[in-house]
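Now for the letters of each chain:
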Amino acid sequence: MIVELISVGTELLLGDILNTDVQYLSQVCAELGFDIYHTSVVGDNEGRLLTEIEQAASRSDIIILSGGLGSTSDDITKRVAMDYVGGPRVEDPITRERHAQHYANDPIFFAAARDIYTFPENAQVLRNPVGLSPGAWMPFDDQGQEKYLVVLPGPPKELKGVMEKDLIGLLQAFSHATTRSREVKIALLGEWKVFQSIKDLTDHSIEPTFATYVKEDGVLVRLTTKEPDREKAEAILNQGEKQLQERLGHLVLGPLEKSREESLVDFLIQERITVSTAESFTGGMVASRIINAPGASSVIKEAFVVYSDEAKTEILGVNPQLIKEKTAVSEEVCRAMLIGLQARTSCDLAIATTGFAGPGGDRAGQIYLGLAYKGRTHIYEYHWDSPRNRIRQRATNCVIDHALLMVKEGIHGEGH
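All of the points below concern the structure found in this document. Just so you know, the residues in each chain are numbered from 1, in the order the chain's sequence is written. Local features are withheld for residues below a pLDDT of 70 in this predicted model, meaning they are given only at 70 or higher, and side-chain atom pairs are given and counted only at 80 or more; totals for whole chains, interfaces and linings count all residues. Water and hydrogen atoms were dropped before computing side-chain values, which therefore reflect all heavy atoms in the structure.

1. Notes on the sheet that holds strand E6 (residues 124–126)
No. 1: Paired strands are those between which DSSP finds at least two bridges. Each helix is a run of H or I in the DSSP string that is no shorter than four residues. Each strand is a run of E no shorter than two, and both are numbered from the N terminus. With mixed pairing, six strands are arranged side by side in an open sheet as E2-E1-E3-E8-E7-E6. The two strands at the open ends of the sheet, each matched to only one other strand, are strand E2 (35–42) and E6. Adjacent strand axes in the sheet meet at a mean angle of 20°, parallel and antiparallel pairs treated alike.
No. 2: Where E6 meets strand E7 (residues 135–142), three bridges bridge the pair, whose relative direction is antiparallel. Its bridge partner being in E7, Leu 126 is matched across the sheet by Gly 135.
No. 3: Packing of helix H7 (residues 156–172) onto the sheet brings it into contact with strand E3 (62–66), E6, E7 and strand E8 (145–152), and relative to E6 it is tilted by some 145°. Where helices are involved, their axes are fitted lines through C-alpha atoms of the stretch in contact, as for all axes, and angles between N-to-C directions lie from 0 to 180°. What makes two residues a contact is simply this: any of their non-hydrogen atoms within 4.5 Å.

2. Section: the environment of Lys 232
No. 1: With respect to the helices, strands and loops of the structure, Lys 232 is situated in helix H10 (residues 230–248).
No. 2: A 1.4 Å probe rolled over the protein chains alone gives each residue an accessible area, and that area as a share of the maximum for its type sets the label: buried under 20%, exposed over 50%, partly exposed in between. When its relative accessible area of 46% is taken as the criterion, Lys 232 is described as partly exposed.
No. 3: Taking the C-alpha atoms as reference points, Lys 232 and Thr 178, 54 residues apart in sequence, are found 10.0 Å from one another.

3. Brief notes about the side chain of Thr 212
No. 1: The topology assignment puts Thr 212 in strand E10 (residues 209–215).
No. 2: Counting of polar contacts relies on pairs of N or O atoms within 3.5 Å, with two restrictions inside protein: one atom must be capable of donating a hydrogen and the other of accepting it, and residues adjacent in sequence are counted only when both atoms are side-chain atoms. Engagement of the side chain of Thr 212 in a polar contact is seen with the side chain of Glu 191, the distance being 3.4 Å.
No. 3: Apart from residues no more than four positions distant in its own chain, Thr 212 is found in contact with Glu 191, Val 194, Phe 195, Ile 198, Leu 220 and Val 221.

4. Digging into the pattern of salt bridges
No. 1: Salt bridge, as used here: a side-chain nitrogen of Lys or Arg that lies within 4 Å of a carboxyl oxygen of Asp or Glu. Counted under the stated rule, the structure contains 22 salt bridges.
No. 2: For Lys 147, the salt bridge is made with Asp 142, and the minimal N-O distance between the two is 3.1 Å. Per residue, the accessibility class of Lys 147 equals that of Asp 142, and both read buried.
No. 3: A salt bridge links Glu 234 to Arg 180; its shortest N-O distance comes to 3.1 Å. Taken together, the positions of Glu 234 in helix H10 and Arg 180 in strand E9 (residues 178–186) put the pair 54 residues apart, joining distant regions of the chain.

5. What to know about the pairing of strand E16 (residues 366–373)
No. 1: Across the eight residues that make up E16, a large majority, eight, are buried.
No. 2: Bridging between strand E15 (residues 349–355) and E16 involves seven bridges; their strand directions are antiparallel. By the bridge assignment for E16, Gly 355 is matched with Ile 367.
No. 3: Bridging between E16 and strand E17 (residues 376–383) involves eight bridges; their strand directions are antiparallel. Its bridge partner lying in E17, Gly 370 is registered against Ile 379.
No. 4: Linking two consecutive strands that pair antiparallel, namely E16 and E17, is a turn of two residues; a positive phi of about 50° is found at Lys 374 within it.

Written out as structure tokens, the structure reads:
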């Protein structure tokens, strides 16, 4: 069963609001096993909306329109949909009564808003438990084949209310499979390295399919399968995750049920490990991410932003002569920052960052990430050619990954 989504509203085209409706509808349709090959956005224009519906009908079985339901002049969706479906129209007494009560003091407006409580004779009204404008399920004939045109209100709370109350039940009658996805976090590696490591899987695997993505907190691999049985789908996803483990080993952090920092904090709490941070170019981003995680207060001891050379000396006790000889961005100074941090805070796990985020300069993109835990110290050096804040974000992701791997599995070599 092929479903197509059409979002209606000039405000969406102008970027005035974020189109969260299509994300939600896509997720619901995937869960029900429907295929979505096209989505589109059209402004509040009857001619263009009609064209979109005609195109969608030529290639889809169910067309879901969201937005443009109501009583103002630019709320055209239902009017255009009813014209397209054709046939006799009738008033829905429940909707009519609700509007009559709501507009009891404005009979002229109520009389002018008849389209709100009028529906095609063979339509099913989709009740709106949140707002005044209901949706509708409208069957229509397309060259002898029965198809369905669905109209839904645009406000997300109303759309979800209509979906959960009435529409999902109707859609389930056409569902003969379920599409399941699982996003698996990958530590440290960039998207290209992950892709190269699993290229044969992304190119040839069908059950499940593999695809790499980059999000704000790093790289992930999305596994997707479509099966008639949810239990079988989960088994296929488990097998896909096992294949990733065989390729990437300990760098597979697991399903994206929690953020990287939440996974780290959970483990620190479990093992009663305390952590402190000393950050230069990341400017507190590492500490902030850790503190974002629930329960961080029980594991984080202290966090310092030591951006200047003087701060590194005064707060962490780094020898100014060492900074002069090696520069603040060096393996030696990063190591000294860790020593000073552990001495000052008596933490179990120490994290330090120093680097040149740029822009400009011969050493822009050169960074050092340091970690010390249970008498072991490791410094990672990276050279990244990226915009300033992308380098800072990437370094934050990277050092959190290193920290999680270090406390779970020990120090790993440069190849990791």
